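Residue-level listing of the chains:
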Amino acid sequence: MHTIRIIGPGRAGRSFAAALSARGWAFAGFLGRGDDLSGAAQGVDVLVLATPDDAIVEVAAAVEPVPTTTVVHLSGSLGLDALSPHLRRGAVHPLVPLPNGAVGAARLVSGVTFAVAGDPVAHALVESLGGRVVEVADRERAAYHAAACIAANHVVALLGQVERVAASVGLHLESFLPLTRAALDDVADLGPAAALTGPARRGDWATLSRHLDALPEGERAGYQAGAALATRLAEQTGQHEERAAVPAPVAV
């Protein structure tokens, strides 16, 4: 049985604590702001740093290294060098949102993918959760994490824009969520290229221009960014159906 302590009693920390405890790990408690971290690595097999990325280096440096304890961070963007004071170190990043401890714990044991690097204990942690391990080297972690943020954070931000624009015509976000779910299902089944529909795929610049004219000025940059990505996908995959000599909408 592994023993584990977690620095950072936030959403990620509580999610991992609950999930690992349910899988037989002995949980030695949380440490947080104001606690003395110097002895955090003593008496446990694994010390998890579930802190914001910009605090990991400072927190790791505050912990006195213990040769037999593996220190693991949960950052998707940082490499193992962030834990440089410690001999045994690892990185574990789950490809799933952890909005709170209860939901997060359930998601962590649902067979999701984890980006793992470093000590074998990091692999054992993911395997005990029933997760899928992918190796991401330090030099590739920033690009990997960018993809993760696009997949989750940017999609949520786009739905925030849907909510605002829908409200301007008296509709609720809930009316559009079946459209989003169906599109995601199509991506899962067919891939992004085949799942793409709409005016950007058809090269219907007149419709895109009407959209821009109808939107408030503050919403236009976000819409244009999305339309540009859709157009790029259509063009790169040879699916773009050009309209006769109609120019693309210009930036406003």
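Residues numbered from 1 in each chain as written. Predicted model: local features only at pLDDT ≥ 70, side-chain atom pairs only at ≥ 80, totals over all residues. Heavy atoms only, no water.

Draft legend 1. Expanded view of the overall build of the chain. Along the backbone of the chain there are 10 helices and seven strands. Since a compact globule built from 252 residues should have a radius of gyration of about 18 Å, the 23 Å found for the chain marks it as more spread out than a globular shape. A burial count over the chain gives 39% of its 252 residues as buried. Restricting the contact set of the chain to residue pairs at least 6 apart, pairs at least 24 apart contribute 55%. (Helix = DSSP H or I, 4+ residues; strand = E, 2+ residues; numbered from the N terminus. Rg over C-alpha atoms; globule rule 2.2 N^0.38 Å. Buried < 20%, exposed > 50% of the residue type's maximum accessible area, 1.4 Å probe, protein only. Contact = heavy atoms within 4.5 Å.)

Draft legend 2. Up close: the confidence of the model for the chain. Within the chain, residue pLDDT values average 93, and 94% of them lie at 70 or more. Residue range residues 241-247 is modelled with pLDDT below 50. Its contacts to residues more than four positions away, or to other chains, number 10 contacts. (pLDDT = per-residue confidence, 0-100.)

Draft legend 3. Seen up close, the pairing of strand β7 (residues 132-135). With four bridges connecting them, strand β6 (residues 113-118) and β7 associate as parallel partners. By the bridge assignment, Val116 is partnered in β7 with Glu135. The handedness of the β6 to β7 crossover, carried by helix α4 (residues 120-128), is right-handed. (Pairing = 2+ DSSP bridges. Right-handed = clockwise from strand over helix to strand, strands pointing away.)

Draft legend 4. Molecular detail of the layout of surface pockets. There is about 2100 Å³ of room inside the largest pocket. Elements represented by at least two residues in the lining of the largest pocket include exactly α5 (141-167), α6 (177-190), α7 (192-195), α8 (199-202), α9 (205-214) and α10 (217-236). The leading source of residues in the lining of the largest pocket is α5, at 11 residues. Counted as a void, the second largest pocket has a volume near 1300 Å³. The wall of the second largest pocket is formed by 45 residues, among which Arg11, Ala12, Leu74, His93 and Leu98 lie closest to the centre. Of all the elements in the fold, those that place two or more residues in the lining of the second largest pocket are α1 (11-22), α2 (53-62), β5 (89-94), α5 and α6. In terms of residues, the lining of the second largest pocket owes the most to one element, α5, which gives 10 residues. Its residues assigned to classes, the lining of the second largest pocket comprises 28 nonpolar, 12 polar and five charged. (1 Å grid on protein atoms, 1.4 Å probe; cavity = no way out; pocket = protein on both sides within 12 Å on 5 of 7 lines; lining within 4 Å. Points joined across faces, edges and corners; volume = space filled by probe spheres on them. Nonpolar A, V, L, I, M, F, W, Y, C, P; charged D, E, K, R; others polar.)

Draft legend 5. Expanded view of the packing of aromatic side chains. Enumeration according to the criterion identifies one aromatic pair in this entry. Judged by centre distance (4.9 Å) and plane angle (70°), the rings of Phe27 and Phe30 are edge-to-face. Judged by relative accessible area, which is 32%, Phe27 ranks as partly exposed. On the basis of relative accessible area, Phe30 is assigned to the partly exposed category, the value being 27%. (Phe/Tyr/Trp six-rings, centres within 6.5 Å; stacked < 30°, edge-to-face > 60°.)

Draft legend 6. The nonpolar core, seen in detail. Formed by 25 residues in total, the largest nonpolar core has its most connected members in Phe16, Val92, Phe114 and Leu125. Counting only elements with at least two residues in this core, the list comes to β1 (3-7), α1, β3 (46-49), α3 (101-108), β6 and α4. Those residues in contact with Leu125 that lie beyond four places of it in its chain are Ile4, Phe16, Leu20, Trp25 and Val92. (Core = buried A, V, L, I, M, F, W, Y, C linked by side-chain atoms within 4.5 Å.)

Draft legend 7. Here's a closer look at the pattern of salt bridges. Counting across every chain of the model gives three salt bridges. Two residues, Asp119 and Arg88, come together in a salt bridge whose shortest N-O distance is 3.0 Å. Pair noted here: Asp119 is in the loop between β6 and α4 and Arg88 is in the loop between β4 (70-73) and β5, with a separation of 31 residues, a long-range link. Note that Glu219 is salt-bridged to Arg164, the shortest N-O span being 2.6 Å. With Glu219 in helix α10 and Arg164 in helix α5, this pair connects stretches of sequence that are 55 residues apart. (Salt bridge = Lys/Arg side-chain N within 4 Å of Asp/Glu carboxyl O.)

Draft legend 8. Examining the pairing of β6 more closely. Buried residues dominate β6, accounting for five of its six residues. With five bridges connecting them, β5 and β6 associate as antiparallel partners. Of the residues in β6, the one forming a bridge with Gly90 is Gly118.

Draft legend 9. View of the sheet that holds β7. Strands sit in the order β2-β1-β3-β4-β5-β6-β7 across an open sheet of seven strands; the sheet is mixed. Each edge of the open sheet carries a strand with a single partner, namely β2 (26-31) and β7. Looking at each pair of strands side by side, their axes are set apart by 25° on average, direction ignored. Inspection of the sheet shows β1 paired to β2 by four bridges, in the parallel sense. Across the sheet, Ile6 pairs through a bridge with Phe30, a residue of β2. The strands touched by α1 within the sheet are β1, β2, β5 and β6, with β2 carrying the most contacts at an inclination of about 165°. Along the sheet, α4 makes contact with β1, β3, β4, β5, β6 and β7, crossing β6 at roughly 165°. (Axes fitted to C-alpha atoms, helices over the stretch in contact; angles between N-to-C directions.)

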